[in-house]
Amino acid sequence: MKSRPYAHLKEALRNLKVENMKKSGKVDHIKEIWKSGRGVISLHVFQNVMTVEAFTREAVMIDALGLAHLTNAMRGKRYGVAAKWDESRAKRYGSFLVLSAMQILLLEGEREIRQNQVAFDRRKTPRKNRKKKS
């Protein structure tokens, strides 16, 4: 697993294996899901788009759903012409994208990513917290 979509899963796995790591709402939520015996659903719906477009889409979807319903700490940033949109237009476009994502989920189904399916990258573990080999 590589790239941004799996960064939070890897962080949660490191958090389980290493003491004294900083906490975050996303990581805690992922750990709760894994602790319940389930897996995290990672839905990849808008692929092959430029980075600024991906960030804009994410931002308007967050606007549509509202931060109160998410573990995101920040709203996100809109780029290009979308940066000039008023909140109403951004929320409408975000709602359209959320609906599109739901339709893709219904067509493709879901796949849970469980704790044992995430690769643990020791290079990102602080040296002082690494377990010594016996």
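This is a predicted model, so every value here is computed, not measured.

The rules we used
- Think of each chain on its own: its residues are numbered from 1, step by step along the sequence as written.
- With pLDDT at 70 or above as the cut-off, local features in this predicted model cover only qualifying residues; side-chain atom pairs require 80 or more to be listed or tallied, and sums for whole chains, interfaces and linings still use all residues.
- The basis for every side-chain value is the complete set of heavy atoms in the structure, and neither hydrogens nor water enter the calculation.
- Interaxial angle, 0 to 180 degrees, is taken between N-to-C directions of lines fitted to C-alpha atoms, where a helix line uses only the stretch in contact.
- Numbering goes from the N terminus for both helices and strands, where a helix is a DSSP run of H or I of at least four residues and a strand is a run of E of at least two.
- Each angle receives one of four descriptions, namely roughly parallel if under 35 degrees, roughly antiparallel if over 145, roughly perpendicular if within 65 to 115, and oblique otherwise.
- In this analysis, two residues are considered to be in contact whenever any of their non-hydrogen atoms come within 4.5 Å of each other.
- Any residue outside Ala, Val, Leu, Ile, Met, Phe, Trp, Tyr, Cys, Pro, Asp, Glu, Lys and Arg is labelled polar, Gly included; the first ten of those are nonpolar and the last four are charged.
- The pLDDT value expresses, per residue, how confident the predictor is, ranging between 0 and 100.
- Side-chain atoms alone can form a polar contact between residues adjacent in sequence; in general such a contact is a pair of N or O atoms within 3.5 Å, and within protein one must be able to donate a hydrogen while the other accepts it.

**Quick word on the packing of helix H1 (residues 7-17) against helix H2 (residues 25-35)**
Right, so step 1: Two elements in contact, H1 and H2, have axes whose closest approach is 9 Å; the angle formed by their N-to-C orientations is 75 degrees. On the basis of the axis angle, H1 is roughly perpendicular to H2. Contacts between H1 and H2 involve His-8, Leu-9, Glu-11, Ala-12, Leu-13, Asn-15 and Leu-16 from the first element and Lys-26, Val-27, Ile-30, Lys-31 and Trp-34 from the second.
Right, so step 2: Residue composition of the contact of H1 with H2, grouped by class: 7 nonpolar, 2 polar and 3 charged.

**So, the confidence of the model for the chain**
Right, so step 1: Per-residue pLDDT for the chain has a mean of 85; in total, 85% of the residues score no lower than 70.
Right, so step 2: Put simply, H1 is where the chain has its lowest mean pLDDT, 86, and helix H4 (residues 87-108) is where it has its highest, 96.

**A word on the side chain of Arg-78**
Right, so step 1: Its place among the elements puts Arg-78 in the loop between helix H3 (51-65) and H4.
Right, so step 2: Engagement of the side chain of Arg-78 in a polar contact is seen with the side chain of Asp-63, the distance being 3.1 Å.
Right, so step 3: A polar contact of 2.8 Å, which involves the side chain of Arg-78, links it to the backbone oxygen of Trp-85.

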